[in-house]
Amino acid sequence: HHSIAAYNDWPEYWKILGARYFLQEAREGDTVYPQSTYAHDMDFKITPADPNHPVTKGVETFMVHDETYKGYRMEPGLQILLTTDHEKGQRETGWCHTYRKSRVCFLQPGHGPQIFSQPEYRQLIRQAIRWTAEK
């Protein structure tokens, strides 16, 4: 969850994670990106974008009370796993890809105890761990 805002000055990290959350306005080449945003204590819907992927298999659309992020730049080639339609959240809230020889999965929700106890979220975490560990 918070890993998207880590190592904000390390371009290779953005490639590993698959996105860059801007802690402040930033320039990449000729493009200027505004500071990314977040909102605490939002109620929003999470929808599996790819219900057949091993990370999302068996997970139905569910509601969460969590933190939203918006305004991050995503790397090309990500497979979108989860989406939301909340106005304060970026549409893409979960994705996966391969970085070099490693599988990487990012799930934007995950800020606090309420979501940690949800069966759907726990299933996503369990399946993401298994998927990233496979060879």
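Residues numbered from 1 in each chain as written. Predicted model: local features only at pLDDT ≥ 70, side-chain atom pairs only at ≥ 80, totals over all residues. Heavy atoms only, no water.

## Observations regarding the pattern of salt bridges
The line we're drawing: Basic side-chain nitrogens of Lys or Arg form a salt bridge, by our definition, when they fall within 4 Å of a carboxyl oxygen of Asp or Glu. Partly exposed describes any residue whose relative accessible area lies between the buried limit of under 20% and the exposed limit of over 50%, with all areas from a 1.4 Å probe on protein chains only and scaled to the type maximum.
For the structure shown, the criterion picks out seven salt bridges. In this structure, Arg73 engages Glu75 in a salt bridge whose closest nitrogen and oxygen atoms are separated by 3.0 Å. A single burial state applies to Arg73 and to Glu75, both of which are buried. Sharing partners across several salt bridges, the network here consists of Arg20, Glu28, Arg73 and Glu75.

## Examining helix H3 (residues 119–133)
The cut-off we apply is this: In this description a helix means any DSSP run of H or I spanning at least four residues, a strand means any run of E spanning at least two, and both kinds are numbered starting from the N terminus. Expected helix span is computed as 1.5 Å times (number of residues minus one). Any two residues whose heavy atoms approach within 4.5 Å at even a single point are treated as in contact.
For H3, built from 15 residues, the straight-helix expectation of 21 Å at 1.5 Å per residue is met to within 8% by its first-to-last C-alpha distance of 21 Å. Those residues of H3 that are buried lie in contact with strand E5 (62–70), strand E7 (79–83), strand E8 (92–99), strand E9 (102–107) and helix H2 (113–116).

## Topic: the confidence of the model for the protein
We count it as follows: Within a predicted model, pLDDT stands for the predictor's per-residue confidence, ranging from 0 to 100.
This prediction gives the protein a mean pLDDT of 95; 100% of its residues lie at or above 70. Mean pLDDT across the secondary structure elements of the protein bottoms out at H2, with 90, and peaks at E7, with 98.

## Let's talk about the pairing of E8
Spelled out, the test is: In this description, strands pair whenever DSSP reports at least two bridges between them.
Among the eight residues that make up E8, seven are buried, leaving the element largely enclosed by the rest of the structure. Here four bridges tie E7 to E8, and the two strands are oriented antiparallel to one another. Bridging from a neighbouring strand, Thr83 pairs with Glu92 of E8. The antiparallel pairing of E8 with E9 creates a hairpin that spans two residues between the two strands, and Arg100 there sits at a positive phi of about 55 degrees.

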